[in-house]
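Given next are the chains, with one letter for each unit.
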Amino acid sequence: MQRRQFVGSGLALAATWPLRGFTSVLKGVGDVPARSLAGGETVLPGSAIETLAASLRGEVLLAGSQDYDRTRRVWNASFDKKPALIARCTGASDVQLAVAFAREHQLLTAVRAGGHSYSGKSSCDGGLMIDLQPMQGVRVDPETRRAYLESGSLLGQLDHECAAFRLATTAGTVSHTGAAGLTLGGGLGRLGRRFGLACDNAASFDIMTADGQFLRANDKENPDLYWGLRGGGGNFGVVTSIEYRLHDMDPVILGGNIVWPLAQARDVLRYYRDIAVDAPDVVNLAPVLYSEPDGPVIEIEVCWSGDRAQGEAWLKKLRAFGKPTRDDIAPMPYVAIQSSGDELLGPGRYYYMKSGMLTQLKDDGIDLIIDSFKRMPNWYLLFFDHCGGAYRHMAPAATAFPNRDMLFTLGAHSIWPNKDDIEENTAKMRANWHELAPLTKGFYTNYVDSDVTMAGYRDNYGANFERLVALKAKYDPKNLFRLNANVPPKIG
């Protein structure tokens, strides 16, 4: 039965649903120009693409396919890349076939889970996109306090399933972020000071490596790989599922925002610094400098996940500090505060970020941060992540994530609705960050931008870098998985 007509590479493609299963079969595919791993041009034989499509339970999409443009788009509209083909994987078997295809044809390869890459590395021009979005599902076992997640799942799905059982784990701050990418890069979140990084709570990973092996990585099976997956990013293969440790937590937290005019920012940030360092692990305090319609402000978002009566008492001094113009802190579902930034950080806008870790925050640093913010336009904001607490419970060498001494992260963030003046504005951001960078050390992998050099990666990972290089050489010696916060399989 004829299902739909495709047009790609100037040739008509017919897709049918054969009676033997769910596989979408492409017919009459011509040769397709593509980009090789080495960066040069190559050609994919149409017969090879047809064979791949016939093998997958999911779909293979080419330029001109009905869903190609929708599927290739990623969260950050600054990157408008066009893969030669997209393999929409429905499970580990599809991933294995897609990886084998990429390896055989030495194709530039991107892996997309949630697609929330600030540097646009969830897709590629002319290569293969391995799309994990069809692989969505979360199962919670309340008896063992474990969650089992397919790697295309989003953080909101994880939070939602856990909350039903009064359980939780660290899961970022934007609900439409992909859980796999967040976890592989470390995984900050509103519960991180209480429960540790997302990767600290990952009990096991299932992964397809570059040579097509399906491996499980945990503290007993492939422990070297388990170490690297916790903070080493997508360097070692395609993760197909993750098992998380969960924790008892009331699904109703004490949360909301306190807002002061920018004129009070210096006093507010100094007070914040003084209370944040020794704050209880159950509270996350996240300041941000941004512009409202009535003018620039400083806001502190509060998430108190412990006893609410104790939270009300501890927060009294913060809520009474200075002269706030708004205070909406109240009991609310944890899943609600987790989705509170979803609209601001929605897909289809143009994003750019610079960031670094703060191991201290002195008065002159606060002054510089505020002065920097005042010189930038309305589309610019500066934010802090509140760290310390359980983030420090792991030694720097216990996982690949190295920056356990961070007290805060500092991020300079832009959000544009369109491309107007984007290059000029990005240059302004880089110049502004050049002044702020000396306050910072390293960076958070999930905030990494396209400007970071290999020297930057080496500095960030510190003593863990050489071990990551050796691990890369073992599991991906040809650097098939290079579109990430890339660690090379050799240095030279």
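A quick note: this is a predicted structure, and the numbers were derived from the prediction, not measured.

## Regarding the nonpolar core
Among the nonpolar cores identified, the biggest contains 96 residues, and I49, V60, L85 and L229 are the most heavily contacted of them. Non-local contacts of L229, meaning those with residues more than four positions away in its chain, are made with T183, L184, F205, I207, A217, F236 and V239. Judged by nonpolar contacts, the second largest core, of 46 residues, contains V282, L289, I369 and I422.

## Here we look at helix α14 (residues 465-475)
Listing the buried residues of α14 in full gives F465, L468, V469, L471, K472 and Y475. The buried residues of α14 all sit within an arc of 165° when viewed along its axis, so they share a single face. Check the buried side of α14 and you find it contacts β14 (214-217), α7 (223-229) and α13 (454-461).

## Observations regarding the sheet that holds β14
In space, the five strands of this open sheet follow the order β10-β11-β15-β13-β14, with antiparallel pairing throughout. A strand with exactly one partner marks an edge of an open sheet, and here the two such strands are β10 (138-141) and β14. Going across the sheet, the axis of each strand differs from the next one's by a mean of 15°, ignoring polarity. Judged from the four bridges that link them, β10 and strand β11 (residues 146-150) form a sheet pairing that is antiparallel. Pairing of V140 across the sheet is with A147, part of β11. Packing of helix α4 (residues 155-163) onto the sheet brings it into contact with β10, β11 and β15 (238-245), and relative to β10 it is tilted by some 30°.

## What to know about helix α1 (residues 46-55)
Residues G46, A48, I49, L52 and A53 constitute the buried set of α1. Seen end-on, α1 carries its buried residues on one side only, within an arc spanning 160°.

## Regarding the pattern of salt bridges
Throughout the structure, instances matching the rule amount to 32 salt bridges. A salt bridge links R190 to E301; the shortest N-O distance between them is 2.8 Å. With R190 in the loop between α5 (179-184) and α6 (192-195) and E301 in strand β19 (residues 295-304), the pair connects residues that are 111 residues apart, well separated along the chain. The two residues R190 and E301 agree in class, both being buried. Of the charged contacts in the structure, one is a salt bridge between R273 and D274, with a shortest N-O distance of 3.0 Å. Taking relative accessible area as the criterion, D274 reaches 49% and is therefore assigned partly exposed. A network of salt bridges, in which partner residues are shared, links R266, R270, R273, D274, D363, D367 and D371.

## Description of the sheet that holds strand β8 (residues 109-112)
What the four strands build is an open sheet, ordered β6-β7-β9-β8; its pairing is mixed. Of all the strands in the sheet, the pair left with one neighbour each is β6 (60-62) and β8. Neighbouring strand axes in the sheet, compared pairwise and without regard to direction, differ in orientation by 20° on average. In the packing of helix α3 (residues 92-105) onto the sheet, the strands contacted are β7 (85-88), β8 and β9 (128-131), and the crossing angle to β9 comes to about 170°.

## Overview of the packing of aromatic side chains
Counted under the stated rule, the structure contains 13 aromatic pairs. Seen from their ring centres, W75 and Y351 are 4.2 Å apart, and the 10° between their planes marks the pair as stacked. Taken together, the residues span a long stretch of sequence, with W75 in the loop between α2 (68-72) and β7 and Y351 in strand β22 (residues 350-358) at a distance of 276 residues. Y351 matches W75 in its accessibility class, with the two residues each being buried. Taking 5.9 Å as the distance between ring centres and 35° as the angle between the ring planes, the aromatic pair formed by W304 and W314 counts as tilted. Of this pair, W304 sits in strand β19 while W314 sits in helix α9 (residues 308-320), and the two are 10 residues apart along the sequence. With a relative accessible area of 3%, W304 lands in the buried category. Put simply, the rings of W75, Y118, Y351, F383, Y444 and Y447 pair up and form one aromatic cluster. The ring of Y226 carries the charged tip of R230 above its face, separated from the ring centre by 3.7 Å. Sitting above the plane of the W227 ring, R467 keeps its charged end 3.9 Å from the centroid.

## Quick look at the pairing of strand β17 (residues 252-261)
The buried fraction of β17 is high, at eight of 10 residues. Alignment of β17 against strand β21 (residues 330-333), held across four bridges, turns out to be antiparallel. Considered in β21, the bridge of I253 is made with M332. Pairing of β17 with β19 involves eight bridges; the strand directions are antiparallel. Note on β19: the bridge partner recorded for G255 is C303. Examined bridge by bridge, β17 and strand β20 (residues 326-327) share two bridges and lie antiparallel to one another. When the sheet's bridge partners are listed, I258 is paired in β20 with D327.

Parameters at a glance
Each chain carries its own residue numbering, running from 1 in the written order of its sequence. Side-chain atom pairs in this predicted model are given and counted only at pLDDT of 80 or more, local residue features only at pLDDT of at least 70, and totals for whole chains, interfaces and linings cover all residues. Each side-chain value is derived from all of the structure's non-hydrogen atoms; neither hydrogens nor water enter the calculation. By convention a nonpolar core is built from buried Ala, Val, Leu, Ile, Met, Phe, Trp, Tyr and Cys residues, the set being connected through side-chain atoms within 4.5 Å. Type-normalised accessible area, obtained with a 1.4 Å probe on protein chains alone, sets the label of each residue: buried when under 20%, exposed when over 50%, and partly exposed for intermediate values. Note on contacts: a residue pair is in contact if any heavy atoms of the two residues lie within 4.5 Å. Runs of H or I in DSSP of at least four residues are treated as helices and runs of E of at least two as strands, each being numbered from the N terminus. Here the arc refers to the directions that run from the helix axis out to each C-beta atom. One bridge is not enough; two strands pair if DSSP finds at least two bridges between them. To obtain an axis, a line is fitted to C-alpha atoms, over the contacting stretch when the element is a helix, and the angle between two such axes runs from 0 to 180 degrees between their N-to-C directions. By convention in these notes, a salt bridge is any Lys or Arg side-chain nitrogen within 4 Å of a carboxyl oxygen on Asp or Glu. Aromatic pairing here means that ring centres of Phe, Tyr or Trp (its six-membered ring) are within 6.5 Å. Orientation follows from the plane angle: under 30 degrees is stacked, over 60 is edge-to-face, and everything else is tilted. Throughout this description, the term charge over a ring refers to an Arg CZ or Lys NZ atom that lies within 6 Å of the ring centre and within 35 degrees of the ring normal.

As far as function goes, none of this settles anything; it's purely spatial.
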